[in-house]
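Residue-level listing of the chains:
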Amino acid sequence: MSKENVLRVSDITMQFGGVVAVNDLSLEVNKGEIIGLIGPNGAGKTTAFNVITGVYAPTNGRVELHGETIAENHPHGKMKAMYKGQNDGKYTDVKVLTPDKITKKGIARTFQNIRLFKGMTVLENVLVAMHMNMKAGVFGAALRFNAAEEAKMREEAMELLRMFNLEENKDDLATSLPYGKQRHLEIARALATKPQLLLLDEPAAGMNPQESDELMRMVGKIRDDFNLSILMIEHHMQVIMGICERIYVLDYGALIAEGTPEEIQNNPRVIEAYLGVDD
Amino acid sequence: MTDRISNKKNITLSIIAIIVMLAAIYVLDIVIKPTSSWSNLMTCLEKGTIYALVAVSMNLLNGFTGLFSLGQAGFMLIGAYAYAIFAIAPEDRATVYQYYEGGGLIHFSLPHMLQDMMGGADAFGGTIGYYLGIILLMIFAGLITAVIAFLIGIPVLRLKSDYLAIATLGFAEIIRSFFQWEGLGPVTNGSNVLRKFASYDSSIFPVLVAGICVAFIVLLINSSYGRAFKSIRDDEIAAEAMGVNLFKHKELSFVISSFFAGVGGALLAMFQNNINAAPFTSNMTYEILLIVVIGGIGSITGSIIGAYLFVCCSEWWLRGLDAGEFLGIEADFMSPGFRKVVFAVVIMCIVLFYSRGIMGTNEFSWSGLFNFFKTLPKRIAAVPGKIKAKFSNKKHKKHTENVKEAQ
Ligand SMILES: Nc1ncnc2c1ncn2[C@@H]1O[C@H](COP(=O)(O)OP(=O)(O)OP(=O)(O)O)[C@@H](O)[C@H]1O
Ligand SMILES: [Mg+2]
């Protein structure tokens, strides 16, 4: 049985001036998979997420979601002379969707440095993520003609909060939550956009082993309950190894290995580049 | 369940408060307006109300959407002119547009036209027609302002915050010169004053109009769109990642804010009974910005309180300081200009004790109000200690903070 492809990243290079943050990266995520993206600090993992979600237009390469191009670019102007990647001339289209359009198409993400809406409550944070699917116009919403729709949104948001044990904090300011709960809220908020692909950027950062164990179980449950695919960056090796079907390893922006957790653990290049310097 | 009961109680309280307030204004209007001794009260009430509306509309942009825009005076100017130009009775045009042939280019007034159509000046229907004309024209003024804001927003809202401030400030200055341009004289009366246009009689009118406008803004802020605005204010990158279309929502907030600035400008024109582009300088924008900051960026209640405080201070309470007599004290140093010195000190004090504005980001609630009065004596008693803590050394400050935490 061939797997249904969800995300296909082809030959992505992301260059900031002279810095090549991501260098010819290609990866794939299929339906229902949990895929890991690892690498030492500064390897370009977050930058790869930023390209996939439209924060940055790639210097070269293509990103597809369900076979539809959401970002494609090739070096222009000054970058043409500076460009350090390969695949010159392979990509000719220029199409870069904005992050909100990409989110609407079904990719949601969390942030490594938590980016909750700090002036808003926990519930409001989740509700914002549902705004894009709202049917009411600005007058309808302001004059409360959409009361039923709003009530339904709130009910769905509460359900998500309940799943993450946040229902008691619903009226607290998001930033007043303890660190671990903020990370949970970030995931709840991302899920509220009803994604088909969830990108998690170090969801277990700053958590103790017990908390990250719990998170690992949570990630599996999310995949099953919401019927989605997950691509996650993580430094906690036991989390990554325990849960991911396949792992991609980045070093200095370039892909150095790809495979099952066992293959990655035994790959000499990975050991040299990554596990060897792990703390 | 208790939630719902207290909610009902709050709504009842609010309705009673609104009715009492309107009745009070109606009575004051009849009793005070003809007498001269307390006319300041009505002036401040009307002007404060208009400034409250304009400040709230600015807060929608600056406090709730995080867009630092300084075009408010420009938008008010557009609204004021859009209203005044179409509200001067045809027979008065020759005197108003005295420097232009044939009383200018436009020869009709919507309020006067509707008044005539519905029975004339002496009939009840005529009065209704007159006010209907005023209201329709105010909506027109708001819409014109909104359309211009929409067009300006297309290039300007893509700029980052400091540049946005500069661009909107520049735009407001251009608008001011544009309206004073002699070439447009037959329509705008050039740099001359527009006057003799239709206006309201009762102070209830601006209060009602501003009240409805502010109510709409509050409802908007508490809707899903308001949440989207706030998400942009808090974190643009995260907002966009959650599917909020940044440009669309910034444009929406900008256009709505400008609509109400335009309506506010029309009200201001009516309040003053004459209008001229000259005073709509960046100074006026700064006054409104001051109101927003003093009241609390991100608090509607704060903007309203700030507006009345500002207007009362500058038009009434502190006037004596310029005239040489204040609270019964007479002194030589109280000469014109001294009021501004005292006013600056008052503002510094407010900023010192309420660093995030009087209301911070809090809003009015009945329970909050009751609590305010309940704890008032206690807090007044604590003021000397607070002042001491403010001015004493860091070590002491830390100590009091620790004590506070321990409690
Ligand atoms: N906007 C930018 N401008 C210039 N350089 C950038 C930019 N964003 C990222 N970089 C550079 O790209 C490189 C990769 O950064 P990135 O944040 O993607 O690493 P990472 O793999 O996520 O690391 P970490 O594990 O620390 O999160 C770094 O050298 C960084 O300085
Ligand atoms: Mg990173």
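Definitions and cut-offs
- Counting restarts for each chain: residues are numbered from 1 in the order of the written sequence.
- Numbering of ligands from 1 and lettering of chains from A proceed in the order in which they are written.
- Reporting in this predicted model follows two pLDDT cut-offs: at least 70 for local features of residues, and 80 or more for side-chain atom pairs to be given and counted; totals over whole chains, interfaces and linings ignore these cut-offs and use all residues.
- With hydrogens and water set aside, each side-chain value is computed from the structure's full complement of heavy atoms.
- What counts as a helix is a DSSP run of H or I of at least four residues, what counts as a strand is a run of E of at least two, and both are numbered from the N terminus.
- Here the term buried applies to any residue with accessible area under 20% of the maximum for its type, exposed to any over 50%, and partly exposed to those in between, with areas from a 1.4 Å probe on protein chains only.
- Here the Shrake-Rupley method, with its probe set to 1.4 Å, supplies the accessible areas, and only the displayed protein chains count as covering residues.
- Residues counted as positive are Lys and Arg, residues counted as negative are Asp and Glu, and His and the chain ends are not counted.
- For this purpose, a charge sits on NZ of Lys, CZ of Arg, CG of Asp or CD of Glu.
- Any N, O or S atom lying within 2.8 Å of the metal counts as a donor, and for Na, K and Ca the limit rises to 3.2 Å; water is left out, so some sites can look incomplete.
- Any residue with a heavy atom lying within 4 Å of a molecule or strand is counted as near it.
- Polar contact is defined as a pair of N or O atoms within 3.5 Å, subject to the rule that within protein one atom must be able to donate a hydrogen and the other to accept it, and that residues adjacent in sequence are counted only when both atoms are side-chain atoms.
- For this classification, Asp, Glu, Lys and Arg are treated as charged, while Ala, Val, Leu, Ile, Met, Phe, Trp, Tyr, Cys and Pro are nonpolar and the rest, including Gly, are polar.
- Any carboxyl oxygen of Asp or Glu within 4 Å of a side-chain nitrogen of Lys or Arg constitutes a salt bridge here.
- Residue ranges for the domains trace back to a domain assignment, done automatically or taken from a database.
- We call two residues in contact when some of their heavy atoms are within 4.5 Å.
- Here the rule is simple: two strands pair whenever DSSP picks up at least two bridges between them.
- For helices, the fitted axis covers only the stretch in contact; all axes are lines through C-alpha atoms, and the angles between them, taken along N-to-C directions, range from 0 to 180 degrees.

## Considering the overall build of chain A
Reasoning step 1: Along the backbone of chain A there are 11 helices and 11 strands.
Reasoning step 2: Looking at chain A as a whole, 56% of its 279 residues qualify as buried.
Reasoning step 3: Working note: accessible area of chain A is about 12200 Å², and carbon and sulfur atoms make up 51% of it.
Reasoning step 4: Side-chain charges of chain A comprise 31 positive and 38 negative groups, with the mean position of each set lying 6 Å from the other.

## Details of the coordination of the magnesium ion (ligand 2)
Around a metal, the ideal angle is 109.5 degrees if four donors adopt a tetrahedral arrangement and 90 or 180 degrees if six donors adopt an octahedral arrangement.
All names here are of chain A.
Reasoning step 1: Around the magnesium ion (ligand 2), the protein supplies T46 (OG1) and Q112 (OE1) as donor atoms, at distances of 1.9 to 2.1 Å. In this pair, T46 is assigned in helix α1 (residues 45-52) and Q112 in the loop between β7 (107-109) and α4 (122-130), connecting sequence segments 66 residues apart.
Reasoning step 2: Overall, T46 belongs to the partly exposed group, its relative accessible area being 25%.
Reasoning step 3: For Q112, a relative accessible area of 28% puts it in the partly exposed group.

## With respect to the site of ligand 1
Residues and elements named next belong to chain A.
Reasoning step 1: Taken together, 13 residues are adjacent to ligand 1, and G42, K45, T46, T47 and Q112 come closest.
Reasoning step 2: Within the contact set of ligand 1, an oxygen atom lies 2.9 Å away from a backbone nitrogen or oxygen of G44.
Reasoning step 3: Within the side chain of H235, a nitrogen or oxygen atom sits 3.2 Å from an oxygen atom of ligand 1.
Reasoning step 4: Tallying contributions element by element places α1 first for the shell around ligand 1, with three residues.
Reasoning step 5: Residues that form the shell around ligand 1 fall into these classes: four nonpolar, seven polar and two charged.

## Re the pattern of salt bridges
Residues and elements named next belong to chain A.
Reasoning step 1: Taken as a whole and judged by the stated rule, the model has 23 salt bridges over all chains.
Reasoning step 2: Here E68 makes a salt bridge to K105, at a shortest N to O gap of 3.2 Å. Here E68 is found in strand β5 (residues 68-73), whereas its partner K105 is found in helix α3 (residues 99-105), with 37 residues between them in sequence.
Reasoning step 3: E68 gets classed as partly exposed once you look at its relative accessible area, which sits at 33%.

## Let's talk about the domain arrangement of chain B
Reasoning step 1: As assigned here, chain B comprises domain 1 (37-286) and domain 2 (375-407).
Reasoning step 2: A straight line from the C-alpha centre of domain 1 of chain B to that of domain 2 of chain B covers 44 Å.

## Section: α4 of chain A
Reasoning step 1: Counting buried positions along α4 of chain A gives nine out of nine residues, so the element sits mostly inside the fold.
Reasoning step 2: Of the residues making up α4 of chain A, those classed as buried are V122, L123, E124, N125, V126, L127, V128, A129 and M130 of chain A.

## What about the side chain of T69 of chain A?
Reasoning step 1: With respect to the helices and strands, the residue T69 of chain A is situated in strand β5.
Reasoning step 2: Apart from the residues lying within four places of it in its own chain, the contact partners of T69 of chain A are R62, V63, E64 and K95 of chain A.

## Comments concerning the sheet that holds strand β3 (residues 34-38) of chain A
Residue and element names in this part refer to chain A.
Reasoning step 1: With mixed pairing, the six strands of this open sheet are ordered in space as β7-β8-β9-β3-β10-β11. Two strands close off the open sheet at either side, each with one partner strand: β7 and β11 (254-259). On average, each strand axis in the sheet is inclined to that of its neighbour by 20°, with strand direction left out of account.
Reasoning step 2: Bridge analysis of strand β8 (residues 197-201) against strand β9 (residues 229-233) gives five bridges, and the strand direction is parallel. Bridging from a neighbouring strand, L200 pairs with M232 of β9.
Reasoning step 3: Docked against the sheet, helix α7 (residues 179-191) engages β7 and β8, running at close to 160° with respect to β8.

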